[in-house]
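# A look at the structure
Below, each chain spelled out in residue letters.
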Amino acid sequence: MQQGNDMKNKSSVQSNLTNSVQNTIKEKLDDIVSAEVDNAGEITPQTWKIVAHNITKSVKSSPAMTSLLQNIRGALYSTVENVMTNTENDSMSDNPKAQSVLHRHVTDEVTCHGNCNMVQCEQLAIETSKHMPLKVRRQALNILLQSVMSEVTANVNWVQIRCNIRENLCEKDNEVFSLSLKVHAKLLQSSSQACIKEGFINLVEGMYLYYVDTSNCSSLPNFKNGIDVSDPIHGHVIQISHLILEAVKEMPKNWLRYGERRVEDIVGVFVNLLAMHTDDSRFNLPKDILFPFHILSVLDPKAKWCTQWLHAAFGQHLFLNTLSQNMALVTFLVEEILSYLETYQNGHPGDMPENIIPGCIVKYATFTHTLSVLSQVVCFEKGRQFFPVVTKTTSELVSLEVMLVRMIMFLNSGSSYKSTVCMTPSGFEVILAFVKKLLQIGEEINENLMKTIIEPIKYRSMQPMKCNNIPCHTMKILLHLASSSTKISCLLGSRQKHKLSISKLNRNQNTTNTSAVGMRKTRQMNISLERQFSARSVRIPSIGNTDVSSPAKLIEHITTILMKHQDLSNVDELLSLVEMCGKLFRIHEGLSMLDAMNSQLISAVIVLYKQLSSEIESSRYCSAHEYPLKIKAGNPPHAVYMSLVSFLTEVASTPCGLYALAQEDSVLQDLLTTLFQYSYVPWEHPAFRHVVSLITAVWQGASVLAEESYRILTRPLCNLWSEFEDPLALMSGSERKQIEATQHFINVIYTFIPNLQGIMALLSEPDSSSEGTLVDTDMAPRTLAELLTFDSTVEPWHYISLLTLRALTTNMDVCLYLNSTIKYQEKLLKLQSENMSESEIEESRMKSNSVNKCIIIDKCSLLRHQILIATYAVGGPSERILPAVVIDAEHLDGDGESNLFCSLPPPKLASATRKMRSTRLKGQTDIQRFLQDTKQGLHDASWLSHARRAYRASCSDDIKGSVLLDLLEQVAKLSSNSQYQLSAPLQESKYGVLSPEECLGVQVVIRYGVELHLLQESPQNEENLTQLLCLLKHRKCETFQGLDWFAATVFLLCGGNMERCQSCIGNISALPVTPFLWPAHASAKDNLQSLSQHSAMFGHILELLIKMELPLAFSALQLAGASWWLICRQWMAQCFWNVLDWSEICHWLAVSILNQPDFILYFCVSLLQHIQPKILQAASEGNLWEQIMCAPMEGFHVGDQLPVMEKLAKRYRTSVLHHLLTSLNSTT
């Protein structure tokens, strides 16, 4: 019964108290609320929320609300007193379980002294007042520390308590101050977000009190005297600032729990604290007073709080929005940085007192803090929109570029060539970090800024150079630019020229890449197509117009001087210069700008490289497996040597750089040997495979492959074997890692496929191979030759060897070589014949067409079947169909029998694997009529222009061989005085003996011609083709150099007629395009194994074009370690056999004959554009090489791509053709 009465009394007290409080609030605020409602006008369902928000905001800021808040303590106290007096038999005071109606009990950890009922909170509000004695305040603050803060802040007396503890922060008594600070710390550590907000705002307002009270002016820290930690006022300010910083750093971790409105209040209060000193009207204080911003700078000079606040999008949005409303703070940040740069003096304070932070240190800390805050703000677009800023002192507009220039000028002024001023290392790093960040976010670098950056090295380039005289900041800034994909172009020349090339590029950028980007999005490719260099930043530079004072030229010049002098006085600076030059020389436009083919730097690097290599060789005491020696501290030559190896590797990664190194004796051999002799060969890195592929394209690289063939593939084979023998994979049954390892090994094999000489070298047996290998088991092959023996069908090696053979035979010359040396066709046929069963025919076993046995269909037999068809039948995508390697109905004929065979020729080849060739010729085409009408007329440039127009109208139809020969004959009349012309008729050669590989090639050519009905079946065909190939031999070759596929193409065009062949070859040799169209003829005039200058220039410009026009495809090729130049070089060497249909090959010849040599470049670009969507998808799956080399150019028609080629010609012909013809003249 007593409990029921207590509950009833409690409910009555609560009800009466609530009514009293409501009446008091209504009395005070009713009038102003009514007035605001009347002023709001019509309120609709759509606008009532906005109106309610505005009314609430107005009421909160009204004088009535201020008065109510000030008097609410007394009003509530009176109300409670009246209620208590009018309630009879009130049991609340006697019942220990009764609780205050103004708060709820949350936890039992608070003692009875900490139970903040209404009376006790009122008592605390009185006893914590600054008017109370110190002893009383200490006791009250101790009681407050023992309370639950969420209950205290919910109490009606909290407003007064909050005011009191804020005032106690300014108390000189250390104990009172400490207790008050602990109360704020407990509020900030509370789990209640409301407590945290109350504590933080009150703490900041407590800091304000130190500056509002003018009596504290003389006691506050200032720049003149610094900060005296032993001084009570100084110590208190520092402790408050430290607590504020700790709170600011912790708050972002839980901001999402606070609510946006609460966070806005916190951010606003803190930003106002930082900007307190910018409002002169609020504080009448001396100018040298240290405000909170300066104190916070001393405690956190690197602005780590700002890093925390801007880490997430929520904090970025709120902080930057608040900062945009307080532009005075932004202006101060800019002014502080510029002022410090102008007035900086290297005045070290010397011996400082133990407890004093001098003013100069405070200024420096303020500068670094300001710089750190601003550097993080400008990383965001919203922050960059604050600029330009109008400074108060000079009223000038200060942009980010102006700040960047002034900071670089400040760093330059600290270098030894102008003064002896030198900033402390930490300050140097802060400024340098800010400069790098601004350079990184900037879209362009103008000429004035670049001049400021290179001013120190430009000054030194006119004086004797030493490494230790080069400013460190200049080196780091230039290295930063060289490492940026978008800024490296600024080092190569004028930005104005770059803008012109950008406008040209943008005109066709969307049409070039739309389909690829769309496919990439729809298929959700996971590949990271990181472009080494932005398409907006590249162009085809002209060597003749290069500015000799460009940054890249200066860098090259200084590095060359140091290399020639072999100055190792400062290894770090020299290594930075070499690294910078490597980044400039590894890009195609950098090599073009710096004229790598005649670079003095490359020559100087090679000299020093050879010298260091010789010294290391002579001092080597370790075994070959441990070479090269590890770089140790205090051993500069080794560090320089490794840096030079890296530089030469970068140079060799482009065609022109490869050509430059190939002109030096043994450099490429030594370089490739060094790369292969590392304890770890990084085959998994695409850049490494790319470099190896390029180097092995020349004879120097092929010779290294021959010497190192016994161990080059040992590591990849060992890794492959370990994956197949992994016990975890065997237990789980997962084949994912095995498939990935197999694909990786095949990608390594593809690295060498474009180079016949490289494959021949890998298959060769070295003289001495006594060194141990990494594979101990006899089951695993150790070399490529062992892998391709096919003596055993042990898995997984048999299937891997078949995959390797399929990849190798994509190169027709390699296919002939392998068939001649290892007789792989015979071995595969034998394996097919052995893979038979005498049992009855079942669903998985089908009858052979040649014998009454059953060939077992499995993945190996299907792959052998595909290889046999691909190496026997020749043709483009519509002329032959390669069988799949999966079991389906494709392998069955109409009678349900298998198409697999075990003898050549393959049965039903024409019907099963070959489509009928398109016959779209209906009457005469425009080009045919034009040639007939103008055969006897004048053949000049005008005639050539009309011929191109006639061909353009006929390019959708097939072109007859007779028409193509007639076109060639008439075009040749324009170039009758060409220096490339051969003497006709061809004279009998003393080297007229074909190699076994060439004899096999003759059979392939005759078979292809008969299939296309270009030749009639006659023994004379083989004799005539053999005679033609013998006549074209100009020198004796000890090894197979590849079949002359262009001559074979001419042979088919002429129908096997020798007289027409000689006439056609004579006409072709008169064309300027011949060295590019007929690689075998061009190499016959030079060393067959050397890389010609025009070939290197062709590859260099080709990769630069695809880099600009097809950046996604270029990145995909880079990620696969593939060179489009080497791929196209292989295809052109085999005259696009097995790549294009015969009709498209004829069109390719017609386009090449009618146009300048640069048109072949555009043709190669159009090939890549055609297959770009497929290779982007293949790149995401890791089989890009297989997509390019094994899948033909299905659907490619020269007529469809002709507009693309013509657009490229209009855009690039002036520069491209000049480079090609110049290199061609240099070669001849």
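Residues numbered from 1 in each chain as written. Predicted model: local features only at pLDDT ≥ 70, side-chain atom pairs only at ≥ 80, totals over all residues. Heavy atoms only, no water.

## Some details on the overall build of the protein
Looking only at helices and strands, the protein features 59 helices and seven strands. Counting all 1228 residues of the protein, 53% fall into the buried class. For the protein, restricting intrachain contacts to residue pairs at least 6 apart in sequence, the fraction spanning at least 24 positions comes to 77%. (Helix = DSSP H or I, 4+ residues; strand = E, 2+ residues; numbered from the N terminus. Buried < 20%, exposed > 50% of the residue type's maximum accessible area, 1.4 Å probe, protein only. Contact = heavy atoms within 4.5 Å.)

## Digging into the packing of aromatic side chains
Throughout the structure, instances matching the rule amount to 31 aromatic pairs. Ring geometry for Trp309 against Phe319: centres 5.7 Å apart, planes inclined by 85 degrees, an arrangement best described as edge-to-face. Residue Trp309 is located in helix 14 (residues 304–309), and its partner Phe319 is located in helix 15 (residues 313–324); the two are separated by ten residues in the primary sequence. Taken together, a centroid distance of 5.5 Å and an interplanar angle of 5 degrees make the contact between Tyr750 and Trp1185 stacked. Here the residue Tyr750 occupies a position in helix 36 (residues 736–750), and Trp1185 occupies one in helix 58 (residues 1184–1190), the gap between them amounting to 435 residues. (Phe/Tyr/Trp six-rings, centres within 6.5 Å; stacked < 30°, edge-to-face > 60°.)

## Description of the packing of helix 49 (residues 1045–1053) against helix 56 (residues 1142–1154)
Their axes nearest at 12 Å, the elements helix 49 and helix 56 cross at an angle of 105 degrees. With respect to helix 56, the axis of helix 49 lies roughly perpendicular. Residues Phe1046, Thr1049, Leu1052 and Leu1053 of helix 49 lie in contact with helix 56, whose contacting residues are Trp1142, Ile1145, Cys1146 and Leu1149. Residues belonging to the contact of helix 49 with helix 56 are distributed by class as follows: seven nonpolar, one polar and no charged. (Axes fitted to C-alpha atoms, helices over the stretch in contact; angles between N-to-C directions. Parallel < 35°, antiparallel > 145°, perpendicular 65-115°, else oblique. Nonpolar A, V, L, I, M, F, W, Y, C, P; charged D, E, K, R; others polar.)

## Things to note about the nonpolar core
Counting 337 residues, the largest nonpolar core has Phe200, Tyr211, Trp305, Phe319, Trp1124 and Trp1137 as its most contacted members. By size, the runner-up hydrophobic cluster in this structure holds 16 residues, among which are Leu124, Trp158, Val176 and Cys195. (Core = buried A, V, L, I, M, F, W, Y, C linked by side-chain atoms within 4.5 Å.)

## Comments concerning the confidence of the model for the protein
Of all residues in the protein, 74% have pLDDT values of 70 or greater, and the mean over the chain is 77. Predicted confidence for residues 768–777 stays below pLDDT 50, and this span has 15 contacts to residues more than four positions away or in other chains. (pLDDT = per-residue confidence, 0-100.)

## Regarding helix 36
Three or four residues apart is the spacing at which side chains of an α-helix point the same way, because the helix has 3.6 residues per turn. Compared with the 21 Å implied by 1.5 Å per residue over 15 residues, the 21 Å span of helix 36 between its first and last C-alpha is a close match. Taken residue by residue, helix 36 has Gln738, Ala741, Thr742, Phe745, Ile746, Asn747, Val748, Ile749 and Tyr750 as its buried positions. (Expected span 1.5 Å × (residues − 1).)

## Description of helix 54 (residues 1111–1119)
A large share of helix 54 lies buried, amounting to seven of its nine residues. Those residues of helix 54 that sit buried are Pro1111, Leu1112, Ala1113, Phe1114, Ser1115, Ala1116 and Leu1117.

## What to know about the environment of Glu447
Note on placement: Glu447 falls in helix 21 (residues 447–460). A sequence separation of 43 residues divides Glu447 from Cys490, and the C-alpha atoms of the two residues are 9.0 Å apart.

## Considerations on a nonpolar patch on the surface
Side chains of Val33, Val37 and Ile43 sit close together on the surface and give an oily, nonpolar patch of about 200 Å² of accessible area. Exposure remark for Val37: the relative accessible area of 36% places this residue in the partly exposed category. (Patch = residues over 30% accessible without salt bridge, like charges linked within 9 Å, V, L, I, M, F, W, Y side chains within 5 Å. Areas by Shrake-Rupley, 256 points an atom, 1.4 Å probe, with all protein chains shown as cover. Salt bridge = Lys/Arg side-chain N within 4 Å of Asp/Glu carboxyl O.)

## Remarks on the environment of Leu1000
Relative to the assigned elements, Leu1000 resides in helix 47 (residues 996–1011). Distance from Leu1000 to Leu816, taken between C-alpha atoms, is 6.5 Å for residues 184 residues apart in sequence. Setting aside chain neighbours within four positions, we find Leu1000 in contact with Leu816, Asn819 and Ser820.

## So, the side chain of Thr751
By the secondary structure assignment, Thr751 is in the loop between helix 36 and helix 37 (756–763). Those residues within four positions of Thr751 in sequence are excluded, and the remaining contacts are Arg689, Val692 and Ser693.

## Section: the environment of Ala1179
Inspection of the secondary structure puts Ala1179 in helix 57 (residues 1158–1181). We classify Ala1179 as buried; its relative accessible area is 15%. Separated by 60 residues in sequence, Ala1179 and Leu1119 place their C-alpha atoms 7.9 Å apart.

## Things to note about unusual backbone geometry
Note: most peptide bonds trans; most residues except glycine with negative phi. Cis rather than trans, the peptide bond between Glu795 and Pro796 has omega equal to 10 degrees. Mapped onto the elements of the fold, Pro796 is located in the loop between helix 38 (784–787) and helix 39 (797–808). Residue Pro905 is reached from Leu904 by a cis peptide bond, and omega for that bond is 0 degrees. Among the structural elements, Pro905 can be located in the loop between helix 42 (859–872) and helix 43 (909–913). Phi angles above zero are rare outside glycine, and Ala303 is one such case at about 50 degrees. Take Ala303: it is sitting in the loop between helix 13 (292–299) and helix 14. Residue classification places Ala303 among the buried positions, given a relative accessible area of 0%. Within the chain, His1013 stands out as a residue other than glycine whose phi angle is a positive 60 degrees. His1013 sits in the exposed class, given a relative accessible area of 73%.

## Looking at the packing of helix 47 against helix 49
The geometry of a pair of packed helices is captured by two quantities: the angle between their axes and the separation between those axes. Remark: helix 47 packs on helix 49, axes separated minimally by 10 Å, with the N-to-C direction vectors making an angle of 35 degrees. As for how helix 47 packs across helix 49, the hand of that crossing is right-handed. In this structure, helix 47 contributes Val1005, Ile1006, Tyr1008 and Gly1009 to the contact, and helix 49 contributes Trp1045, Ala1048, Phe1051 and Leu1052. Considering only residue class, the contact of helix 47 with helix 49 consists of seven nonpolar, one polar and no charged. (Left-handed = near helix turned anticlockwise from the far one by under 90°.)

## Things to note about the pattern of salt bridges
Two side chains with opposite charge may pair up if their charged atoms get near one another. In the structure shown here, the tally under the stated rule is 20 salt bridges. With a shortest N-O distance of 3.0 Å, Glu171 and Arg137 are connected by a salt bridge. Here Arg137 lies in helix 5 (residues 134–145) and Glu171 lies in the loop between helix 7 (158–168) and helix 8 (174–188), a separation of 34 residues in the sequence. Residue classification places Arg137 among the buried positions, given a relative accessible area of 4%. Through salt bridges with shared partners, a single ionic network connects Arg138, Asp173 and Glu175.

## Some thoughts on the state of the cysteines
What the rule picks out here adds up to zero disulfides. Here Cys1061 stays free of any disulfide, with the sulfur of Cys1054 as its closest cysteine sulfur at 4.0 Å. (Disulfide = S-S within 2.5 Å.)

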